[in-house]
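Here is how the chains run, residue by residue.
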Amino acid sequence: MLALMTAGVLCLMFGIFLMSQPDDEDIKAQIKEKVAAVKPYLAKEFPGETWTISTVPFQKAGYEHNNPYVITVVFENEPDASYEYEVDPKGHVTQSCFYIELPPPTLRGGGFLSYPT
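Each value, and the rule that gives it
- Residues numbered from 1 in each chain as written.
- Predicted model: local features only at pLDDT ≥ 70, side-chain atom pairs only at ≥ 80, totals over all residues.
- Heavy atoms only, no water.
- Pairing = 2+ DSSP bridges.
- Helix = DSSP H or I, 4+ residues; strand = E, 2+ residues; numbered from the N terminus.
- Axes fitted to C-alpha atoms, helices over the stretch in contact; angles between N-to-C directions.
- Contact = heavy atoms within 4.5 Å.
- Patch = residues over 30% accessible without salt bridge, like charges linked within 9 Å, V, L, I, M, F, W, Y side chains within 5 Å.
- Areas by Shrake-Rupley, 256 points an atom, 1.4 Å probe, with all protein chains shown as cover.
- Salt bridge = Lys/Arg side-chain N within 4 Å of Asp/Glu carboxyl O.
- Buried < 20%, exposed > 50% of the residue type's maximum accessible area, 1.4 Å probe, protein only.
- Phe/Tyr/Trp six-rings, centres within 6.5 Å; stacked < 30°, edge-to-face > 60°.
- Lys NZ or Arg CZ within 6 Å of the ring centre and 35° of its normal.

K.L.:
What is the right way to look at the sheet that holds strand β1 (residues 51-55) in this model?
P.N.:
Hydrogen bonding along the main chain pairs the strands of a sheet, whether they run parallel or antiparallel. Across the sheet, four strands lie side by side as β1-β2-β3-β4; this open sheet has antiparallel pairing. At either margin of the open sheet sits one strand with a lone partner, and together these are β1 and β4 (93-100). Shown here is a sheet whose adjacent strand axes are inclined to one another by a mean of 25 degrees, direction ignored. Direction of pairing for strand β3 (residues 81-87) relative to β4: antiparallel, over a ladder of seven bridges. Its bridge partner being in β4, Glu84 is matched across the sheet by Cys97. In this fold helix α2 (residues 24-45) packs onto β1, β2 (71-75), β3 and β4, with an angle of close to 160 degrees to the strand it touches most, β1.

Here it is in structure tokens:
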């Protein structure tokens, strides 16, 4: 009897866990809201700039990312630089990451790596 009750409680807990997880449509709607919050932030912080916004392709088969809510921004005047923004539940936008794409290094005398400047 105790085993049956334990199995029932575990099934109930697992069901609640599954019900509380957002589905793809919920995630897409939240991403859309977050992009809508980032656009006016960028317009205010970087007036006159143009940019491209992209989001994590979380539904693409084989693509893995820890956070599907990250919004990546590339400014037209910095095409090799990417800025990542996040939006908290209150709608506050923060820059969470910056990275730049470097050209591949070349070997110079003595076997040292050299990056083009």
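K.L.:
Which parts of the structure should I look at to understand a nonpolar patch on the surface?
P.N.:
Taken together, the side chains of Val9, Leu10 and Met13 make up a nonpolar region of the molecular surface, amounting to roughly 300 Å² of accessible area. Note that Leu10 resides in helix α1 (residues 2-20).

K.L.:
Can you help me understand the pairing of β2 in this one?
P.N.:
Regular strands have side chains that alternate between both faces of the sheet. Most of β2 sits inside the fold, with four of its five residues counted as buried. Pairing between β1 and β2: five bridges, direction antiparallel. Each residue of the ladder has a partner; that of Ile53, found in β2, is Val73. As paired elements, β2 and β3 share three bridges and run antiparallel to each other. Bridged to Ile71 within β3 is Tyr85. Hairpin remark: β2 followed by β3, antiparallel, with five residues in the connecting loop.

K.L.:
Any chance you could explain the environment of Val74 here in plain terms?
P.N.:
Along the polypeptide, Val74 turns up in strand β2. Residue class for Val74 comes out partly exposed when judged on its relative accessible area of 24%. It is 8.7 Å that separates the C-alpha atoms of Val74 and Thr50, two residues lying 24 residues apart in sequence. Contact partners of Val74, with chain neighbours within four places excluded, come to Thr50, Trp51, Thr52, Pro79, Ala81 and Ser82.

K.L.:
I tried to follow the pattern of salt bridges on my own but got confused; where do I start?
P.N.:
Any two side chains of opposite charge can pair, so long as their charged atoms come close to each other. For the structure shown, the criterion picks out one salt bridge. Between Lys28 and Glu25 there is a salt bridge whose closest N-O contact spans 3.2 Å. With a gap of three residues between them, Lys28 and Glu25 both fall in helix α2, about one helical turn apart. Residue classification places Lys28 among the partly exposed residues on the basis of a relative accessible area of 36%.

K.L.:
Can you help me understand the packing of aromatic side chains in this one?
P.N.:
What characterises a pair of aromatic rings is the spacing of the ring centres plus the angle enclosed by the ring planes. Enumeration according to the criterion identifies five aromatic pairs in this entry. Ring geometry for Phe46 and Phe75: centres 4.9 Å apart, planes at 65 degrees, overall edge-to-face. Of this pair, Phe46 sits in the loop between α2 and β1 while Phe75 is found in strand β2, placing the two residues 29 residues apart along the sequence. Overall, Phe75 belongs to the buried group, its relative accessible area being 3%. Summarising the aromatic geometry, the rings of Tyr83 and Phe98 are spaced 4.9 Å apart at their centres and angled 45 degrees between planes, so their arrangement reads as tilted. You can see Tyr83 sitting in strand β3 and its partner Phe98 sitting in strand β4, a full 15 residues away along the chain. Through a chain of ring-to-ring contacts, the aromatic side chains of Phe46, Trp51, Phe75, Tyr83 and Phe98 assemble into a single cluster. In this arrangement the basic side chain of Lys34 is found over the ring face of Tyr69, its NZ or CZ atom lying 5.6 Å from the centre.

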